[in-house]
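Report on the structure
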Amino acid sequence: MNHSLLDIENLSVYFDTPEGVVRAVDGISFDLAPGETLGLVGESGCGKSVTSLSILGLIPTPPGRIKSGRIKFEDRDLIGLDTENLRRIRGRDIAMIFQEPMTSLNPVLPIGRQVAEPLMVHKDLTKSEAFQEAATWLDRVKIPAARKRLSDYPHQLSGGMRQRVMIAMAMVCRPKLLIADEPTTALDVTIQAQILSLMIGLKQELGMSLLLITHDLGVVAQMASRVVVMYAGQVVEEAAVTDIFDQPFHPYTQGLLKSMPRLRVRGDSRSQRLNEIPGTVPLLTEVIRGCKFADRCPHVFKRCRQQQPELFVIRNGQRARCWLKSYPERRTT
Amino acid sequence: MIRYLIKKLIILSILLFFVSIAVFSVLFVLPGDPAQIILGINATPETLANLRAELGLDKSFIAQYMDWVGNLVSGRGNRSINYDIPVYDLILSSLAVTGPLALLAMVFAVIFSLPFGVYAARRQNRPGDVTVMFFTQLGLATPEFWLGILLILLLSVHWGLFSAGGFPGWSTDFWGSLKALILPAFALGIIRAAILTRLTRSSLLEVLHEDYIRTARAKGLRERTVIYVHALKNALIPVLTILGLQLGQLMAGAIIIENVYYLPGLGRLVFQAIGQRDLPVVRDIVLFMATAVVLVNFVVDLCYAGLDPRVRLE
Ligand SMILES: Nc1ncnc2c1ncn2[C@@H]1O[C@H](COP(=O)(O)OP(=O)(O)OP(=O)(O)O)[C@@H](O)[C@H]1O
Ligand SMILES: [Mg+2]
C-alpha cells in the first residue's frame with residue numbers, strides 16, 4: 001500500500017539477556033493510513049511496547065537490537081536513519097504517550113517547561129512563546145487554571161492530570177502520528193473515560209493517525225477502526241474492528257473476547273468468573289517450531305505443532321495466523 | 001521554613017549538650033595533668049597545686065563542667081592555657097585557613113567528579129569508562145598525606161611552582177595565601193573526587209533508565225539536554241548527600257594535610273592542643289566542629305530543596 005503513513009514490515013526485535021535471546025517481536029507487519037486509528041492488542045509481555053518503542057528508535061541497545069525489518073514512515077525507513085534525523089521526527093511528526101503517568105514526567109522540572117520543550121526544539125519558538133502555547137494546550141486538555149499550573153511540579157498533580165499533561169506534551173507540535181501505549185491502564189475507570197474522550201476529540205480536530213496500544217478490547221471498540229492482535233511477538237490476527245467483534249477467526253482472539261467482562265454477561269449470573277484463556281504465554285527465549293499458541297489452543301491438532309501457520313487471508317481485510325483456515329473441520333465446538 | 005529553622009536549632013542544642021558532656025568526660029578521665037605539662041617535671045608540689053587551683057582543676061567534675069559551659073553561654077569564653085588568649089580568637093584564626101581550604105578542596109572535587117562521572121556514565125563499560133573507573137579506584141586507594149607529599153616533591157621541590165608549605169596569612173599576602181592552599185586543597189579534593197565520580201556515574205546510570213528519560217528522548221530533545229537537564233538534576237540528589245558529608249568533615253579540619261603543609265588550620269590547632277593538654281581549646285574546638293557539621297547539613301538541606309521540588313523544609 002503506497003498511501004500508508006506508517007508501514008512496518010517483518011520487524012524483529014531481540015533482546016540479549018543472560019537467559020538467552022528474547023524474541024520480543026518476531027517478524028510483525030502492519031500499516032497505518034493517515035487519519036486512521038489502529039488498535040494493537042494482546043496480553044502482557046506480547047511485545048506491544050517493544051513494537052511502539054522501536055518505531056521511535058527508543059529500544060535500549062544493548063540489550064535490545066533490531067534484528068530485521070523496515071519501519072517506513074512517509075517514505076523514509078526509520079531503521080537506520082541517523083540519530084539527528086530521527087530526533088527531528090520524534091515529538092514533531094511522531095509523538096508518544098506512555099502507560100505510567102506517575103513516572104513518565106520528570107519529577108524535578110515544572111510541567112510548563114516539560115510541555116513547552118518540544119516547541120522550543122522543533123518549532124524554534126522563544127521560551128515565552130513556547131510557554132504561551134504550552135498554557136493553551138494545558139487548557140485544551142482541560143487542566144483547570146492552566147496558566148497558573150505551568151510552574152507546578154508533577155507530584156502536585158493527580159494521575160489523571162499527569163496523563164493530560166502527557167497528552168498536551170505529545171500534541172503541542174501537532175504530530176502526524178500519535179502512539180499511545182496503554183494511556184489509560186494505570187488510571188481508574190472514570191478518569192479512563194475522560195482521557196479517552198479527550199483523545200477522541202483531539203484526534204478528530206487534528207486529523208492525526210493514532211496507534212493505540214492496549215489490552216482492553218473495550219477501549220479498542222470505542223476508539224479504533226482496525227485491530228491488530230499480537231501473541232508472543234507475532235501478529236496472529238488483523239481485521240476491521242467490527243469483524244474482530246462479530247467474527248473473530250483466531251482462537252486466541254476468541255479467547256480474548258470471551259475474557260472481556262462486558263460481552264460475557266448476557267443473562268449469565270453476575271458471579272461468573274472472568275473467562276480467562278487457560279495456560280501461559282510461551283517463553284520468548286524458546287524457539288517454537290509450530291504455532292506459538294498451540295499449547296493453549298482448544299482446537300490444537302497435529303499440524304499446529306509441526307509447522308508455523310502463515311497469516312492466511314480470511315476475508316477482505318481480515319487475516320489470521322491459524323491452520324484452521326486450511327482445516328475448518330478441525331474447529332471443535 | 002520558620003518551623004524548619006526552629007527544629008534545626010532545637011536539634012543543634014540537644015546535640016551540643018550531649019557532645020559537650022561526652023567531650024568533657026573523655027578529657028576529664030584522660031591521663032596527663034595540664035599543670036604538670038605547663039610547669040615541667042621539676043615543679044614542686046606546692047606550685048603545682050597553686051596552678052591547679054588557678055586553672056580550676058581541683059574542683060569537682062560538675063563544677064568544672066559548669067565553669068566551662070558557663071563561660072561559653074555567658075559569652076565570656078574560655079582561655080587557652082597554653083597561649084593565654086581567648087580560644088575564640090584561636091578558632092577564628094584557624095578557621096580563616098581551614099574554611100577556605102575546605103571550600104577550595106570541594107571545588108576541586110566537584111569540577112573533577114561531575115564531568116568525569118557524566119563522561120563515564122555515557123560510555124558505560126567502554127574504554128573511556130574503564131579508564132575513569134581505574135583512576136577513581138586509584139584515588140580511593142591513595143592516602144591523602146602521600147598524595148600531598150608527592151605533590152610537594154613534584155610541584156614545589158622539583159618544578160618550584162609552589163611553596164613547600166607554610167601560610168603567610170591573608171592580610172600579609174593574599175595571593176600567597178591562596179597559592180599556599182592550592183596544593184593541599186587539590187590533594188584533598190582529588191581524593192574526594194574519586195568517590196564523587198563513582199557516585200555521579202552510578203546515579204546517572206540509574207536515572208538514565210527512568211521512564212521520564214525515555215519521555216525526554218521521545219520528545220526529540222537533544223542528547224545534551226536529556227543528560228544535563230533531565231537526567232543530571234535528578235542524579236545529583238544522592239551525590240549532594242555525600243558532598244555535604246565530605247564538606248562537613250573538611251570543615252572540621254584536615255589534620256594530616258594541614259600537618260604535611262604546615263597550615264595553621266583547625267586540624268593542626270586541635271592536634272597541638274591535645275598534645276599540650278590545652279583542655280579548654282580541645283573542648284571548644286570539638287563543640288565548634290559539631291556545630292559546623294550541623295550547619296553544613298543545614299546548607300545541604302537547603303540545596304536539596306532547591307534541586308528536588310518534592311522536598312519540603314519542615
Ligand atoms: N530491556 C529489555 N531487556 C530484556 N527483555 C526485554 C526488555 N524490554 C522488553 N523485554 C521483553 O520483551 C517482551 C515484550 O515486552 P513488552 O514490554 O513489549 O510487552 P507488552 O506487550 O508491552 O506488555 P504490557 O502489556 O505488560 O505492557 C517481554 O517478554 C520482555 O521480557
Ligand atoms: Mg507495554
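Residues numbered from 1 in each chain as written. Chains lettered and ligands numbered in written order. Predicted model: local features only at pLDDT ≥ 70, side-chain atom pairs only at ≥ 80, totals over all residues. Heavy atoms only, no water.

A few points about the domain arrangement of chain A
All names here are of chain A. When its domains are assigned, chain A resolves into domain 1 (1–93 + 175–260) and domain 2 (104–173). Each of domain 1 and domain 2 has a C-alpha centre, and these two points are 25 Å apart. Listed as interface residues are 18 residues of domain 1 and, on the opposing side, 15 residues of domain 2. Contact with domain 2 buries area across many residues of domain 1, yet Arg92, Leu198 and Leu202 alone supply 33% of it, more than any other trio. At the boundary of domain 1 and domain 2, one finds 1 salt bridge. Between Arg140 and Glu205 there is a salt bridge, with the nearest N and O atoms lying 1.8 Å from each other. At the junction of domain 1 with domain 2, the criterion picks out 4 residue pairs in polar contact (both at pLDDT 80 or more). Listing elements by their share of the side of domain 1 that touches domain 2, those giving two or more residues are α2 (83–89) and α7 (189–206). (Domains from an automatic or database assignment. Contact = heavy atoms within 4.5 Å. Buried area = accessible area lost by both parts, 1.4 Å probe. Salt bridge = Lys/Arg side-chain N within 4 Å of Asp/Glu carboxyl O. Polar contact = N/O pair within 3.5 Å; in protein donor to acceptor, adjacent residues only side chain to side chain. Helix = DSSP H or I, 4+ residues; strand = E, 2+ residues; numbered from the N terminus.)

Overview of the domain arrangement of chain B
Residue and element names in this part refer to chain B. The domain architecture assigned to chain B consists of domain 1 (2–74) and domain 2 (87–307). Its C-alpha centre places domain 1 at a distance of 33 Å from the equivalent point of domain 2. The partner domain 2 presents 14 residues to the 18 residues of domain 1 that form the contact. Buried surface at the junction of domain 1 and domain 2, summed over both partners, amounts to about 1,600 Å²; 77% is from carbon and sulfur atoms. Its largest share of buried area at the contact with domain 2, domain 1 owes to Tyr4, Leu27 and Trp68, together 29% of the area lost on that side. Applying the counting criterion to the domain 1 and domain 2 interface returns 1 salt bridge. Measuring nitrogen to oxygen at the nearest pair gives 3.1 Å for the salt bridge that ties Lys8 to Asp301. Across the contact surface, domain 1 and domain 2 share 3 residue pairs in polar contact (both at pLDDT 80 or more). Only α1 (2–29), α2 (34–39) and α4 (61–74) provide two or more residues apiece to the side of domain 1 that touches domain 2. With 11 residues, the top contributor of residues to the side of domain 1 that touches domain 2 is α1. A breakdown of the residues in the side of domain 1 that touches domain 2 according to their chemical character gives 14 nonpolar, 3 polar and 1 charged. (Nonpolar A, V, L, I, M, F, W, Y, C, P; charged D, E, K, R; others polar.)

Notes on the packing of helix α3 (residues 111–122) of chain A against helix α6 (residues 159–171) of chain A
Residues and elements named next belong to chain A. Relative to each other, α3 and α6 sit at 25°, their axes nearing to 7 Å. The angle between the axes of α3 and α6 places the two elements in the roughly parallel class. On α6, the residues that touch Ile111, Gln114, Val115 and Pro118 of α3 are Val165, Ala168 and Met169. Here the residues of the contact of α3 with α6 are counted per class, giving 6 nonpolar, 1 polar and no charged. (Axes fitted to C-alpha atoms, helices over the stretch in contact; angles between N-to-C directions. Parallel < 35°, antiparallel > 145°, perpendicular 65-115°, else oblique.)

Focus: the site of ligand 1
Residue and element names in this part refer to chain A. Neighbouring residues of ligand 1: 16 residues in total, closest Ser44, Gly45, Ser49, Val50 and Glu182. At 2.7 Å, a side-chain N or O of Ser49 approaches an oxygen atom of ligand 1. Relative to its free-state accessible area of 630 Å², ligand 1 is covered by the protein chains to the extent of 68%. Those elements that place two or more of their residues in the shell around ligand 1 are β1 (6–17) and α1 (48–55). Tallying contributions element by element places α1 first for the shell around ligand 1, with 3 residues. Across the shell around ligand 1, the residue classes tally to 6 nonpolar, 7 polar and 3 charged. (Near = heavy atom within 4 Å. Areas by Shrake-Rupley, 256 points an atom, 1.4 Å probe, with all protein chains shown as cover.)

A few points about α6 of chain A
One full turn of an α-helix is made of 3.6 residues, so residues set three or four places apart face in the same direction. In this model α6 of chain A runs 18 Å from its N-terminal to its C-terminal C-alpha over 13 residues, within 8% of the 18 Å that 1.5 Å per residue would give. With respect to burial, α6 of chain A is a largely interior element, 12 of its 13 residues being buried. (Expected span 1.5 Å × (residues − 1). Buried < 20%, exposed > 50% of the residue type's maximum accessible area, 1.4 Å probe, protein only.)

Examining α7 of chain A
Residues and elements named next belong to chain A. Taking 1.5 Å of rise per residue, 18 residues should cover 26 Å, and α7 covers 26 Å from first to last C-alpha, within 8% of that figure. Three or more residues of α7 are buried, namely Gln192, Ile195, Leu196, Leu198, Met199, Leu202 and Lys203. Angularly, the buried residues of α7 cover 160° about the axis, an arc narrow enough to put them on a single face. Pointing more than 90 degrees away from the buried face of α7 are the exposed residues Thr190 and Gln204. On its buried face, α7 is in contact with β3 (37–41), α4 (127–140), α6, β7 (177–181), β8 (209–214) and α8 (217–223). Phi for Gly207, located one or two positions after α7, is positive at around 65°. (Arc of directions from axis to C-beta.)

Thoughts on the packing of helix α5 (residues 87–122) of chain B against helix α12 (residues 266–275) of chain B
Residues and elements named next belong to chain B. Following both chains from N to C, one finds α5 and α12 inclined at 135°, their axes separated by 8 Å at the closest point. With respect to α12, the axis of α5 lies oblique. Counted together, Leu90, Ile91, Ser94, Leu95 and Thr98 of α5 and Leu266, Gly267 and Leu269 of α12 form the full contact between these two elements. Considering only residue class, the contact of α5 with α12 consists of 5 nonpolar, 3 polar and no charged.

Let's talk about the interface of chain B and chain A
Facing 20 residues of chain B, the contacting portion of chain A comprises 26 residues. The three residues of chain B that bury the most area against chain A are Arg214, Lys219 and Pro309 of chain B, which together make up 28% of that side's buried surface. Taken together, the links from chain B to chain A amount to 1 salt bridge. Residue Glu117 of chain A is joined to Lys219 of chain B by a salt bridge in which the shortest nitrogen-to-oxygen separation is 2.6 Å. Along the contact surface separating chain B from chain A lie 12 residue pairs in polar contact (both at pLDDT 80 or more). The set of elements that each furnish at least two residues to the side of chain B that touches chain A consists of α9 (211–218) and α10 (223–251) of chain B.

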